[in-house]
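Close look at the chain arrangement
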Amino acid sequence: MSSELSIPTDAPVLVTGATGYVAGRVVERLLQEGLTVHATVRDPSNTERLGYLTDLAQGSPGEIRFFGADLTKPGSFAEAMEGCQVVFHVASPFINNVEDPQKELVDPAVDGTTNVLEQANATDSVTRVVVTSSCAAIYGDAIDLQSTPRGVFDEEVWNTTSTLTHNAYSLSKTLAERKAWEIAEAQDRWRLVVCNPALVMGPGVRIHPSSESHNLMKQMVDGTMASGMPDLQIGVVDVRDLAEAHLRAGFLPEAEGRHVLVGTNASVPMMVDALRATWGKLRLPKRIAPKWLLWLVGPFAGLTRAFVSRNIGHPWKADNSKSIEKLGLTYRPLADTLNDFVQQLVDDGTVQAP
Ligand code: NAP
């Protein structure tokens, strides 16, 4: 059973990468609790880009203050972290199309974690650091399920299969989380609690076209997959449930360790089915693309043959019981997450209304 949430509002909290999709909902949830949020962004002078976060704070009991910080610059987080009780380290590049995976993914993820956590070491007020890792630090490909001890992805499992040339984003998340544990275990003043979400879906506090979550949702409903969808099994978690998980990871006194955050063990066909009742008039895919075809044409659509071989048609299953028992989380149904997400894309004009 999870214990009671205890949220002192007399000291600020830090959220890194506040302009991101996930961070937006985390900031919102913290503001709702009356907290003062120190929000780091790469360019704090761009008040137009930050306006929606300022509006969020104005409509809530909490307050927001913006600070400039870059993951790749040592010492960058010092000013923002001053006086903070809890640090939520959310920022990390989440991009699939990169030319130099070491420079664009691994270095900012690992150096960013080092900079933020070393700054926690240097900031006496910090008692807890919550790191947004990923299920990508638990597994690389669905086929890895076969080598798990219990036949399920859980907190004991680490990704050992991703490389710079195969699933480099997953490698970046794995190395960053390992670095976080290394730094945390070398001290005893603050506690590290890790969130390991699967694919995050659902409406952000606004549209975030830069997030891969947005791209996948859009492709599912805008006709991109009309000729056939991949039989890709994957976990899904609602961005609003993920924000709640961050709050609880930050403030439940007994929260510790890693947390698999998965609302539904899903698949692309299951997601499309969940959308059909409400969004059947959109250009939803009707059939599953054969694996041999994906293997053949995948490379032209950004799917490597290794990815197709090791993921398409393979079962995927994660165990979310720790998040329910220890964080007291309840997860939204998959259909609510996806329907609300598509509604946001339609309202914004990103997807043509049916
Ligand atoms: P996102 O919208 O692209 O947000 C990424 C954030 O990281 C942005 O705020 C970005 O800042 C910041 N960032 C990137 N490089 C940076 C740098 N060098 N210095 C400072 N900030 C930098 O992606 P997201 O989906 O919200 O992802 C947020 C976190 O959740 C990441 O840690 C990601 O690995 C994790 N996660 C996401 C998913 C998912 O399905 N979306 C699943 C599992 C885990 P700018 O706005 O300035 O670019």
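The coordinates are above.
Report follows, based on the coordinates. (Residues numbered from 1 in each chain as written. Predicted model: local features only at pLDDT ≥ 70, side-chain atom pairs only at ≥ 80, totals over all residues. Heavy atoms only, no water.)

Scanning the model with the defined rule gives 18 salt bridges in all. Measuring nitrogen to oxygen at the nearest pair gives 3.9 Å for the salt bridge that ties arginine 189 to aspartate 124. Separated by 65 residues along the polypeptide, arginine 189 in the loop between helix 5 (168-185) and strand 6 (191-197) and aspartate 124 in the loop between helix 4 (101-121) and strand 5 (128-132) bring together distant segments of the chain. Notably, a salt bridge pairs aspartate 238 with arginine 240, separated by 2.8 Å at the nearest N-O pair. A single burial state applies to aspartate 238 and to arginine 240, both of which are buried. Where salt bridges share partners, they join Arg29, Glu33, Glu244 and Arg248 into one cluster. (Salt bridge = Lys/Arg side-chain N within 4 Å of Asp/Glu carboxyl O. Helix = DSSP H or I, 4+ residues; strand = E, 2+ residues; numbered from the N terminus. Buried < 20%, exposed > 50% of the residue type's maximum accessible area, 1.4 Å probe, protein only.)

A few words now on the sheet that holds strand 3 (residues 63-68). One open sheet holds the seven strands; their spatial order is 3-2-1-4-5-6-9, and the pairing between them is parallel. What marks the edges here is a single partner per strand, and that holds for strand 3 and strand 9 (257-261). Going from strand to strand, the sheet's axes swing by 20° on average, the running direction of each strand aside. Its contacts with the sheet place helix 2 (residues 47-58) against strand 2 (36-41) and strand 3, and it is angled at close to 150° to strand 3. Packing of helix 5 onto the sheet brings it into contact with strand 5, strand 6 and strand 9, and relative to strand 6 it is tilted by some 165°. (Pairing = 2+ DSSP bridges. Axes fitted to C-alpha atoms, helices over the stretch in contact; angles between N-to-C directions. Contact = heavy atoms within 4.5 Å.)

Around the ligand, a shell composed of 27 residues is seen, among which Thr19, Arg42, Val90, Tyr169 and Lys173 lie nearest. One of the side-chain N or O atoms of serine 211 is found 3.1 Å from an oxygen atom in the ligand. One nitrogen or oxygen atom from the side chain of serine 213 is found 2.9 Å from a nitrogen atom belonging to the ligand. In the complex, the protein chains occlude 91% of the 890 Å² of accessible area that the ligand would expose alone. Secondary structure elements with two or more residues in the shell around the ligand: helix 1 (21-32), helix 5 and strand 7 (199-201). When grouped by side-chain class, the residues that make up the shell around the ligand number 13 nonpolar, 10 polar and four charged. (Near = heavy atom within 4 Å. Polar contact = N/O pair within 3.5 Å; in protein donor to acceptor, adjacent residues only side chain to side chain. Areas by Shrake-Rupley, 256 points an atom, 1.4 Å probe, with all protein chains shown as cover. Nonpolar A, V, L, I, M, F, W, Y, C, P; charged D, E, K, R; others polar.)

Here the focus is the state of the cysteines. In total, this model carries zero disulfides according to the counting rule given. In this model cysteine 135 remains outside any disulfide bridge; the closest cysteine sulfur is found in cysteine 195, 11 Å from its own. For cysteine 135, a relative accessible area of 3% corresponds to the buried category. You can call cysteine 195 buried: its relative accessible area is 0%. (Disulfide = S-S within 2.5 Å.)

Attention now moves to the environment of aspartate 107. When you line up the elements, aspartate 107 lands in helix 4. C-alpha of aspartate 107 to C-alpha of glycine 349: the two residues are 242 residues apart in sequence and 35 Å apart in space. Non-local contacts of aspartate 107, meaning those with residues more than four positions away in its chain, are made with Gln102 and Gly112.

Tracing the chain through its elements places serine 267 in strand 10 (residues 264-267). For serine 267, a relative accessible area of 11% corresponds to the buried category. Along the chain, serine 267 and leucine 232 lie 35 residues apart, while their C-alpha atoms are 5.4 Å from each other. In contact with serine 267, not counting residues within four places along its chain, are Leu232, Gln233 and Ile234.

Turning next to the packing of aromatic side chains. Summed over all chains, the structure comprises six aromatic pairs. Aromatic pair tyrosine 21 and phenylalanine 341: ring centres 6.0 Å apart, planes at 10°, arrangement stacked. With tyrosine 21 in helix 1 and phenylalanine 341 in helix 12 (residues 334-348), this pair connects stretches of sequence that are 320 residues apart. In this pair, the class of tyrosine 21 matches that of phenylalanine 341, namely buried. Aromatic pair phenylalanine 88 and phenylalanine 251: ring centres 6.4 Å apart, planes at 45°, arrangement tilted. You can see phenylalanine 88 sitting in strand 4 (residues 86-89) and its partner phenylalanine 251 sitting in helix 7 (residues 239-251), a full 163 residues away along the chain. Grouping residues by exposure puts phenylalanine 88 and phenylalanine 251 together as buried. Grouping aromatic residues by their ring pairs yields a cluster made of Tyr139, Phe153 and Trp316. Against the face of tryptophan 158 rests arginine 258, its NZ or CZ located 3.7 Å from the ring centre. (Phe/Tyr/Trp six-rings, centres within 6.5 Å; stacked < 30°, edge-to-face > 60°. Lys NZ or Arg CZ within 6 Å of the ring centre and 35° of its normal.)

Structural measurements only, silent on function.
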